[in-house]
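# Overview (structure and organization)
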Amino acid sequence: MVNLTIDGQKVSVPQGTTIMQAAATVGIEIPRLCYLKGINEISACKVCVVEIQGQNRVVTACTTPVQEGLVVYTNSPKARSIRRTNVELILSQHDCMCATCVRSGNCSLQTLANDLGIYDIPYERDVVDTPWNQEFPLIRDSKKCIKCMRCVQICDKVQKLHIWDVQNTGARTTVDVAGNVSIEDSDCSLCGQCITHCPVGALKERNDVPKIYDVLADPNKVTVVQVAPAVRTSWAEAFNLPPELATEGRMVATLKKIGFDYVFDTCYAADVTIMEEASELLEHLQKPQDHSWPMFTSCCPGWVSYVNKTHPYFVPNLSTTKSPQQIFGALAKSYFAQKKGLKPKEICSISIMPCVSKKREAALFSMRSSGTHDVDIVLTTREFIRLLRAEHINPAMLDEQPFDNPLGQSTGAGVIFGASGGVMEAALRTAYHVIEGKEAPEDAFTDVRGTEGRKVREFTLGGATLRTCTVSGLGNAGKLLDELKAGKVHYDFVEVMACPGGCVGGGGQPIHDGEERADVLGNKLYTIDSNRPLHQSHNNPDVQELYKDFLEKPLSEKAEQLLHSDHVK
Ligand code: HC0
Ligand code: SF4
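Residues numbered from 1 in each chain as written. Chains lettered and ligands numbered in written order. Predicted model: local features only at pLDDT ≥ 70, side-chain atom pairs only at ≥ 80, totals over all residues. Heavy atoms only, no water.

Mapped onto the secondary structure, isoleucine 377 falls in strand β14 (residues 377-380). Residue isoleucine 377 is classed as buried on the basis of its relative accessible area of 6%. Sequence separation between isoleucine 377 and cysteine 348 is 29 residues, and the spatial gap between their C-alpha atoms is 7.9 Å. Not counting residues within four places of it along the chain, the set of residues in contact with isoleucine 377 comprises Asp208, Lys211, Ile212, Val215, Cys348, Ser349, Ile350 and Ser351. (Helix = DSSP H or I, 4+ residues; strand = E, 2+ residues; numbered from the N terminus. Buried < 20%, exposed > 50% of the residue type's maximum accessible area, 1.4 Å probe, protein only. Contact = heavy atoms within 4.5 Å.)

Structure follows, in C-alpha cells:
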C-alpha cells in the first residue's frame, strides 16, 4: 500500500492508483472534464490539476500515480488558478451560446465554468466551424467540440468502429470523421454512444420534435405513437419522479396530454417479433441444411447496419423478422388502419425510442410495407423529454392511463427486449413452449441476463442442445464475427445489441455524464416483467387475435410481406 495525504486527509491505496482515484476513496471529487474511467484517461483537458507540496508544479490527477509520502492539495490557490486558466482556454475555443444548446443544464463544461465563477473569457475567441449535413440522424457541431477525445475513444475502444479521429494540429486541432469520408459514407452504426459520452453539446441527434408539432396541428392526420421498452425506465428521471409515480401508466398519460390520438406499446410488437422469430428459429432447427448458422437477431438497427457495412457475408444469417419498431409501424398502417377504416397515409406513425439508429431504420426503403413509411417520425427519449417540457406537462399531476388497444397490451417477454439478453430470453420462452408443448419454468432462461460483453449458454430443447450467445457492444460483436468466420466458435442462436447493456444503454437515452446505467435500468425492465400477469409472447391475447383475424399464422404469406425483410441495404 502507498500512504499519502490529500487535502489534509491520510489515504492508503494500492500502488498504481492515480491521485484522482485515491482522492475518491476519501470522498474528494477532483473536477474533471475529459476523464472517462477506463476509456479516456489522457489528461487532455488538464482540469484535474492538483498541487504537490514541495514541488513547484501541478500535476494532472487522472494520470499521475500516487507515491509514498506525497502531500497533495486539490484546491490550493495555485491549483485553482491553473484550473481556471485551463477552463478559460477551453471556453475560448467553444461556442458558448448556452441558451441555444441542447446540453444546457446538463453540460459538464457549463457546470465547471459556473463552479469556478468564470463570467468572462479573457482570451481571443477562436472557434472552428465545420459544415455538417443537418438531415443526418447524428449531428456534430464542431463549434462546441472541446477536443476531449471521449467520442474518439468510446468509438475506438468500446465499439471498435473508429469513426472519429483528430484532424489538424496546434490551435486548429479538432475532431472529425476519420479517413476523409463523410459521415454518410462511413461505417457509423448510429449507436449514439459518442453522443451519450460527450460532456458538452458537440454531438446530438437530429431534432425531430418540430415534425411532431406539424402533425399534431394537421386535422387530416391520425397520430399513433408507440413507446419502446427502454423508454419507460428513464423518461421520468428528468422530472425527478419517485418510483411510485414513474409508471408506464403516467407515461401514457403524458402522451395523451400532448394530444396523440392513440398511445400504443412497442412491447406488443416485440411479442409479435417473438412469434415470427421463434418460428424462424424452429424452421432453421428443422431444416438446418437450408440455412446459414448461427441465426442472428435483427431487431437492433445499429447491429444490422454494422453487419451490412463491415461483415456483409453474414447478412444471410440475420433473422428476416423486422424489429418491433417496424413491425408496429407495418401493423399500425395495415391491421389497425383496416380496423379504423383509415388509409395508411392518413396515419402518422410515431415512435419514441432510446435509440438514434432507429431514425435511420424508419427511413429505409425496405421499411415501407404499407406503401408509405411504416414509421414516419422517431423521437429519442431525450427528445420526448424536451417535448414534455415544451408542453409544460407536469407528469406528477396526471392520473395513470392504460395503453390503447389493440396494439397496446404486452407480456413481460416484450418488455425485457430493452435489456441485453432480453430478446434471447423472450424467444426461448416461446420456442420452449412450441417444442416441449408446455410452459418453461419461470427461471429457465434467466441465465442469459446481464451486461457482460458475451454470454454463452447451452439449453436443452426437445432433447437437442441449443447453443446461445448474447452479445452487447459492437466491439464484442466484431470479435464474435471474426471468430465465427474463422470457425473458432459455433453457436445456434445469437442476440446482438449494438449498445453496451442493450437499448437501456442506448444512444438516445438521458445523459448522466460519467455514469453507465444500463444495469440499473435493465433491472427495472425485469421488475416490470415480474409484475406483468403474462410472461410469454404466445400468451398475449391481442397477439393471438392478430393471428386469428389478420395474419393467420407466423410466417404466413401476409406475415412475410408485412413483417419480414432481407435486411440488405
Ligand atoms: Fe429497443 Fe427494440 S428493444 S431495439 O432497444 O427488438 O430502440 O427499448 O424498441 O424495435 O421492442 C430500441 C428498446 C426497441 C425495437 C423493441 C427490439
Ligand atoms: Fe438502438 Fe438499442 Fe441497437 Fe443501441 S442497442 S443501436 S439503442 S436498437
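Our next topic: the site of ligand 1. Near ligand 1 lie 17 residues; those nearest to it are Ala230, Cys299, Gln325, Lys358 and Cys503. In this structure, proline 229 approaches ligand 1 through a main-chain N or O atom, which is 3.5 Å from an oxygen atom. Interatomic distance of 3.4 Å between a backbone N/O atom of proline 324 and an oxygen atom of ligand 1. Broken down by secondary-structure element, the contributors of at least two residues to the shell around ligand 1 are α9 (266-286) and α11 (324-340). Among the residues making up the shell around ligand 1, the classes are represented as 12 nonpolar, four polar and one charged. (Near = heavy atom within 4 Å. Polar contact = N/O pair within 3.5 Å; in protein donor to acceptor, adjacent residues only side chain to side chain. Nonpolar A, V, L, I, M, F, W, Y, C, P; charged D, E, K, R; others polar.)

This next bit is on unusual backbone geometry. The peptide bond linking tryptophan 293 to proline 294 adopts the cis configuration, its omega dihedral lying at -5°. By secondary structure assignment, the location of proline 294 is in the loop between α9 and β12 (295-296). In this model, asparagine 405 is joined to proline 406 through a cis peptide bond whose omega is 15°. Phi angles above zero are rare outside glycine, and asparagine 240 is one such case at about 50°. Positive phi, normally seen in glycine, also occurs at leucine 555, with a value near 65°.

The next thing to look at is the domain arrangement of the protein. According to the domain assignment, the protein consists of domain 1 (2-92), domain 2 (121-204) and domain 3 (210-563). Each of domain 1 and domain 3 has a C-alpha centre, and these two points are 44 Å apart. (Domains from an automatic or database assignment.)

Attention now goes to the packing of aromatic side chains. In the structure shown here, the tally under the stated rule is 14 aromatic pairs. Seen from their ring centres, tyrosine 262 and phenylalanine 336 are 4.9 Å apart, and the 75° between their planes marks the pair as edge-to-face. Highlighted residues: tyrosine 262 in strand β11 (residues 262-265) and phenylalanine 336 in helix α11, separated in sequence by 74 residues. For phenylalanine 336, a relative accessible area of 0% puts it in the buried group. (Phe/Tyr/Trp six-rings, centres within 6.5 Å; stacked < 30°, edge-to-face > 60°.)

A word on the site of ligand 2. The full set of residues close to ligand 2 is Cys300, Pro301, Pro354, Cys355, Met497, Ala498, Cys499, Cys503 and Gly506. A per-class count over the shell around ligand 2 returns eight nonpolar, one polar and no charged.

Overall, mixed pairing links the five strands, which are arranged β2-β1-β5-β3-β4 in an open sheet. What marks the edges here is a single partner per strand, and that holds for β2 (9-13) and β4 (58-60). Going from strand to strand, the sheet's axes swing by 40° on average, the running direction of each strand aside. Alignment of strand β3 (residues 49-52) against strand β5 (residues 71-73), held across two bridges, turns out to be antiparallel. (Pairing = 2+ DSSP bridges. Axes fitted to C-alpha atoms, helices over the stretch in contact; angles between N-to-C directions.)

So, about the side chain of arginine 140. Note on placement: arginine 140 falls in strand β6 (residues 138-140). No salt bridge is formed by the buried arginine 140, whose closest oppositely charged neighbour, aspartate 176, lies at an N-O distance of 4.6 Å. (Lys, Arg positive; Asp, Glu negative; His and termini not counted. Salt bridge = Lys/Arg side-chain N within 4 Å of Asp/Glu carboxyl O.)

Running from N to C, helix α2 (residues 77-92) and helix α3 (residues 108-115) point in directions that differ by 135°, and their axes come no closer than 10 Å. In terms of axis orientation, α2 runs oblique to α3. Crossing handedness for the pair α2 and α3: left-handed. Contacts from Val87, Ile90 and Leu91 of α2 reach α3 at Leu109, Leu112 and Ala113. The class makeup of the residues in the contact of α2 with α3 is six nonpolar, no polar and no charged. (Parallel < 35°, antiparallel > 145°, perpendicular 65-115°, else oblique. Left-handed = near helix turned anticlockwise from the far one by under 90°.)

Moving on, we get to the environment of aspartate 265. Structurally, the position occupied by aspartate 265 is in strand β11. With relative accessibility at 0%, the residue aspartate 265 sits in the buried group. Through-space distance from the C-alpha of aspartate 265 to that of glutamate 248 is 9.9 Å; in sequence the pair is 17 residues apart. At 3.1 Å, the side chain of aspartate 265 forms a polar contact with the backbone nitrogen of cysteine 267.

Bringing the environment of isoleucine 6 into the picture now. On the secondary structure map, isoleucine 6 appears in strand β1 (residues 2-6). Residues isoleucine 6 and threonine 100 lie 94 residues apart in sequence; the distance between their C-alpha atoms is 39 Å. Not counting chain neighbours up to four residues away, the residues in contact with isoleucine 6 comprise Val11, Ile19, Ala22, Ala23, Ile28, Val72 and Thr74.

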